[in-house]
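One letter stands for each residue in the lines below.
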Amino acid sequence: MKTQRFFILLASVLFTVGGYAQTRITGTVTDKSGETLPGTRVYLEDTYDGTTTDAEGRFLIETTEEGDFVLKAEFMEYAPYAAPVRLNGLRIERDIVLKQSFSEVKAVTITAGAFEASDRKQAVILDAIDMVTTAGSNGDVFGALQSLPGTSTVGESGRLFVRGGSGRETQTFIDGNLVYRPFTSSPPSLAVRGRFNPFMFKGTIFSTGGYSAEYGQALSSVLLLETNELAVEDELNIGLLNVGGDVAGNKVWKGGALTGSFNYLNLGPYMGLVPQNLDWNQAPTSLGGQLNFRQKTGKSGLLKFYGNYNRAEMDMNYLDPGTGETAYGLDNANLFLNGAWKTILNEKWAVQTGGSFTRNRDAVGFSGNAVQEDLVAGHGKAVVTWAPARKLKVRMGGEYYQHRFDLNYREANDSVHAGYQEQRIASFAEVDLYASEKLVFRVGGRLERSTYQDRWDVSPRMAAAYKVNDHSQFSLAYGQFHQDAEEQILLYTNQLRPERADHYMLNYQYHKDDRSFRTEAYYKRYRDLVTFNDAPFFSPAAYGNDGRGYAYGLDLFWRDRKTIKNGDYWISYSFIQTEREHRNFPEMATPSFVSTHNLSVVYKHFIPAWRSLPGATFTYGSPRRYDDPNTAAFNDAQMPAFLSLDLNWTYLHRENVIFHVAVSNVPGFRQQFGYRYAAQPDASGQYAATEILPAARRMFVVGCFITLSHNDKNQLDKIN
Amino acid sequence: MSTTTLNITTMKSTLITTSKVLLLFALFIILGTEVQAGGGKYEKKMAETLQAMGAAESPQALQEVANQFLIVAKAEKKEWLPYYYHAYSHIMANFMLKGQPEQQDLMLDEAKSSIETLLKMAPDNGEVHALNAFHLMARLAVNPQERGQTHSMKTQMAVAHGLAIDAKNPRLRYVKISTDFGTARFFGSGGEKHCAAAQDLAAEWDNFTPESPLHPTWGKNLVARMIQQNCGSEK
């Protein structure tokens, strides 16, 4: 008996050990359409037994395991497969079908209206280097963006004029916060510049319409600038220009960094050498300082702070065709503070908060009179992103705006003061719903409450995008946009409605390797535009909301960094038809800031042997219209077409020394921006006129930029 | 294991009278083999797969190897090396796909997913940071014109992070010198000043002993090639 039992035991033991006998699992992996999927990982969970499917999608797993296991199959962006198998030495045949899974990374994004410039692979981009090496930009963010379609070059302004919108219809946001005064101040008809250095920003989104409900108070366009994250190492940057210079120092510690910079510009010596169209008493000078602070918080949080103070002065003889030359002096002081904090709470929730503060003073003196405008403004914002499911994303937030605007006018024996304060609250919500990886819908809206005007306004926004394949997609967008009249009008009335624009747009975009094509057709309808009447300007009765307008057009953009080795070029063309009745327009007319045809061609070529990046930009704008009071027709006179060919050359002397030379309007095309007319007709009934010209026919910039870091500390004495 | 336990329980109930010694003996055999296999199996499997990785001559072969590493990674939840080699195989596959930027990015995306896991699993491991830096350098090489600025910065950050933990790590030093050469070449300023560092690294390479035969050893030939390419002409 004992022996018998022993044998039974032995048999059991042997049977158990015999579990080491192999089970073979075979099958084929395909997708839903029956297409085989070579390269799929097929394995038994928690074992080492697994394989990769061959060119026909077949697999064979041999395993010595025994019992109940989970068979898994995984391939790229397909949803993983998992199913139980019982291993008992018998051959198993298992065909597997993998389904496409939803991947946020590969999913379609809404591109209607937006030119995105970031390090995302798909984006049509202009990064900081692109901006400063684009000839004609003169290192200005806004200058470089004028080489994109949808913009009109308005040489006497320097602001961004988008799709029939005036310069004030484009708003700038830094890290989500409104920048009330993104431009320098300048005398009438003289181009302004952006206040910000392109190298401050790691990402730029320039939207020419149909943008998210997160952004309000912009009728035509928003420019969203995202500042850099952490600096890498301690550095000292020195920039020397023919018109001034700057110094910036970086201090880096674990998880944080501080940058301080100081700049000084004085155009005096330069203007003494290069002939100017304007008669300066004191050439423009400016003095400024910036502070930039970064600190990581927790695992994924980042706190950013930026502060900028700038003081600029200039004095010129301003020619009024009616009254003759008068001295015109401008003194601007601008303080801008911006803070932002963002963090990811968990897989579903992320929070972003921030605020900006602006204090701006423009003091103008002319013919013994003085006008001073003071703005103190703040914007605070909190945004929450919630992704309850993979195909659903909700973005919502609240905002608070407050600004106080004061105007003081003083003449010999009199002075006038006007001022007002606005407090505004706003909230927005937007839902992104993915029908599939290829199709996304966005529905949202914005609600704003103005205490000064005692109004509520709702702006619905909608968009959809469909991805045709990995390289191309269509987007559609619709939205209502509201923007208040400018501060100089709101001083005298709180009875106005905000101006309103409705955008409809269709966009197609193609991107493959280093070539991008983008086209957009749009229609815009303006209503409630502010109109003036004959009542005195300080009376609320002088202003109405009786204006209207439309704009439609087509934008084309092509960028290619592939065809020409070391070459990079882009071509932008925009066609626009627009008319509006606003301000003092007696009828519908094309405003003077619009060119029907706009063309811009940018080319850059890197020459490794010379360590040089030369570039050229050609710009054409068809003749713009302006009103000549000496003719009966309104806005019927035409300026000459705008032509410019700008060249620049960047030379990398060594890794930390760069030389840069730029010349605008090299051929010396005659640029003229219409005429300025006398306020009153002369004895013969004619309005005297004077041409509006750019500050100079050409602008020359010569600069040298030096970076000193720990690695090349001892290179200080090597610099010639 | 669960099946074995089940068998033993069944045995126990049917063979009540069986000598306990014999039963224990049987148990010992069964468990013993299991335990022994569990310990040695990992090393054996890794060694085999590493050998296959060395022999792989096509991106497909490397992907197969990478799949094997990932299967092990998922079974051995505490080991970081399987993830490491999953990522490394994909970086190697990327180099074989030169000229097909979209394919290269797919390979590097796979590598990145494991590197992200590694950075969470072993944030204080110099080798992990070396691999991260190597991956970023490979990313840059896919499209230097577009990624030159951002990725050289990211690579330098990863190297700096790694060297702060593991200053002697030869692979971190290799990536650092390699990016230094790259910058020097781009700016045409002589790379000679980095040759001394490269030669030092080559000379000291063998002094760095990996923790185990499974730990990373790659890079010696890359250093030799780097020296040949950048310091060849001068003495």
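Counting its secondary structure elements, chain B contains 10 helices and zero strands. From first element to last, N terminus to C terminus, chain B shows the α and β order α-α-α-α-α-α-α-α-α-α. By residue count, 37% of the 235 residues in chain B fall in the buried class. Once local pairs closer than 6 in sequence are excluded, the contacts in chain B between residues at least 24 apart make up 59%.

Moving on, we come to the pairing of strand β24 (residues 392-411) of chain A. If a strand is regular, its side chains alternate between the two faces of the sheet. Residues and elements named next belong to chain A. Bridge analysis of strand β23 (residues 369-389) against β24 gives 18 bridges, and the strand direction is antiparallel. Within β24, the position partnered with A389 by the bridge is L392. Hairpin connection from β23 to β24: two residues lie between these consecutive antiparallel strands. Here β24 pairs with strand β25 (residues 414-434) via 20 bridges, running antiparallel. In the strand pairing of β25, R404 is matched with Q421. Here β24 folds back onto β25 in antiparallel fashion, the turn holding two residues.

This next bit is on the pairing of strand β16 (residues 235-241) of chain A. Residue and element names in this part refer to chain A. Across seven bridges, β16 lies against strand β17 (residues 244-253) in antiparallel orientation. Pairing of L236 across the sheet is with G249, part of β17. Between β16 and β17, which pair antiparallel and follow one another directly, the connecting turn spans two residues. Of the strand pairs in this sheet, β16 and strand β41 (residues 700-709) are connected by seven bridges, and their pairing is antiparallel. Bridged to E235 within β41 is S709.

We now examine the packing of helix α6 (residues 126-142) of chain B against helix α7 (residues 144-165) of chain B. Each pair of packed helices can be described by the angle between their axes along with the distance between the axes. Residues and elements named next belong to chain B. Between α6 and α7, whose axes approach to 8 Å, the crossing angle comes to 170°. As far as their axial angle goes, α7 and α6 are roughly antiparallel. Counting all contacts with α6, which are made through G126, H129, A130, N132, A133, L136, M137, R139, L140 and A141, the residues of α7 involved are P144, R147, G148, H151, S152, K154, T155, A158, V159, H161, G162 and I165. Among the residues forming the contact of α6 with α7, the class breakdown is 10 nonpolar, nine polar and three charged.

With that settled, consider the sheet that holds strand β6 (residues 81-87) of chain A. Taken in spatial order, the four strands make up an open sheet running β3-β2-β5-β6 (chain A), and their pairing is antiparallel. Here the strands that pair on one side only, and so sit at the sheet edges, are β3 (50-52) and β6 of chain A. Pairs of neighbouring strands in the sheet enclose a mean axial angle of 15°, with direction left out of account. Of the strands in this sheet, β2 (41-44) and β3 of chain A touch helix α3 (residues 59-75) of chain B, which is tilted by about 155° from β3(A).

Helix length check: α6(B) (17 residues) gives 25 Å between terminal C-alpha atoms against 24 Å at 1.5 Å per residue, within 8%. Burial runs high along α6(B): 16 of the 17 residues are buried.

Residues and elements named next belong to chain B. It is at 8 Å that the axes of helix α4 (residues 81-96) and helix α5 (residues 101-121) come closest, and there the two elements cross at 160°. The pairing of α4 with α5 is recorded here as roughly antiparallel in orientation. Seen from above, α4 lies across α5 with left-handed handedness. In this structure, α4 contributes Y83, Y84, H86, A87, H90, I91, A93 and N94 to the contact, and α5 contributes Q104, M107, L108, E110, A111, S114, I115, T117 and L118. Residue composition of the contact of α4 with α5, by class: 10 nonpolar, six polar and one charged.

Moving on: α5(B). Residues and elements named next belong to chain B. When the terminal C-alpha atoms of α5 are compared, their 30 Å separation across 21 residues agrees well with the 30 Å that a helix rising 1.5 Å per residue should span. Buried within α5 are the following residues: Q104, M107, L108, E110, A111, S114, I115 and L118. For α5, the angular spread of buried residues about the axis comes to 150°, placing them on one side. Of the surrounding secondary structure, the elements contacted by the buried residues of α5 are α4 and α6.

The next subject is the environment of E226(A). Residues and elements named next belong to chain A. Considering the arrangement of structural elements, one finds E226 in strand β15 (residues 221-227). As for E226 and G268, which are separated by 42 residues in sequence, their C-alpha atoms are 34 Å apart. Residues in contact with E226, not counting those within four places in the same chain, are D175, F201, K202 and G203.

Okay, the nonpolar core next. Core analysis: the biggest nonpolar cluster contains 61 residues, and Y84(B), A87(B), I91(B), L131(B), A133(B), F134(B) and V175(B) have the highest contact counts within it. Listed in part, the 47 residues of the second largest apolar core include L126(A), A128(A), F201(A) and F557(A).

This part is about the environment of P586(A). You can see P586(A) is positioned in the loop between β32 (567-581) and β33 (597-605). The spatial distance from the C-alpha of P586(A) to the C-alpha of N635(A) is 9.9 Å, given a sequence separation of 49 residues.

All names here are of chain B. Averaged over every residue, the pLDDT of chain B is 81; residues scoring 70 or more account for 80%. Below pLDDT 50 for its whole length, residues 1-19 participates in 20 contacts with residues either more than four positions away or in separate chains. pLDDT under 50 marks residues 21-38. Its contacts with residues more than four places away, or in other chains, come to 10 contacts. Taken over the whole predicted complex, pTM reads 0.77, whereas the ipTM for its chain interfaces reads 0.75.

Reading the values: the criteria
- Residues numbered from 1 in each chain as written.
- Chains lettered and ligands numbered in written order.
- Predicted model: local features only at pLDDT ≥ 70, side-chain atom pairs only at ≥ 80, totals over all residues.
- Helix = DSSP H or I, 4+ residues; strand = E, 2+ residues; numbered from the N terminus.
- Buried ≥ 20, exposed ≤ 12 C-beta atoms within 10 Å, placed from the backbone.
- Contact = placed C-beta atoms within 7 Å.
- Pairing = 2+ DSSP bridges.
- Axes fitted to C-alpha atoms, helices over the stretch in contact; angles between N-to-C directions.
- Parallel < 35°, antiparallel > 145°, perpendicular 65-115°, else oblique.
- Nonpolar A, V, L, I, M, F, W, Y, C, P; charged D, E, K, R; others polar.
- Expected span 1.5 Å × (residues − 1).
- Left-handed = near helix turned anticlockwise from the far one by under 90°.
- Arc of directions from axis to C-beta.
- Core = buried A, V, L, I, M, F, W, Y, C linked by C-beta atoms within 7 Å.
- pLDDT = per-residue confidence, 0-100.

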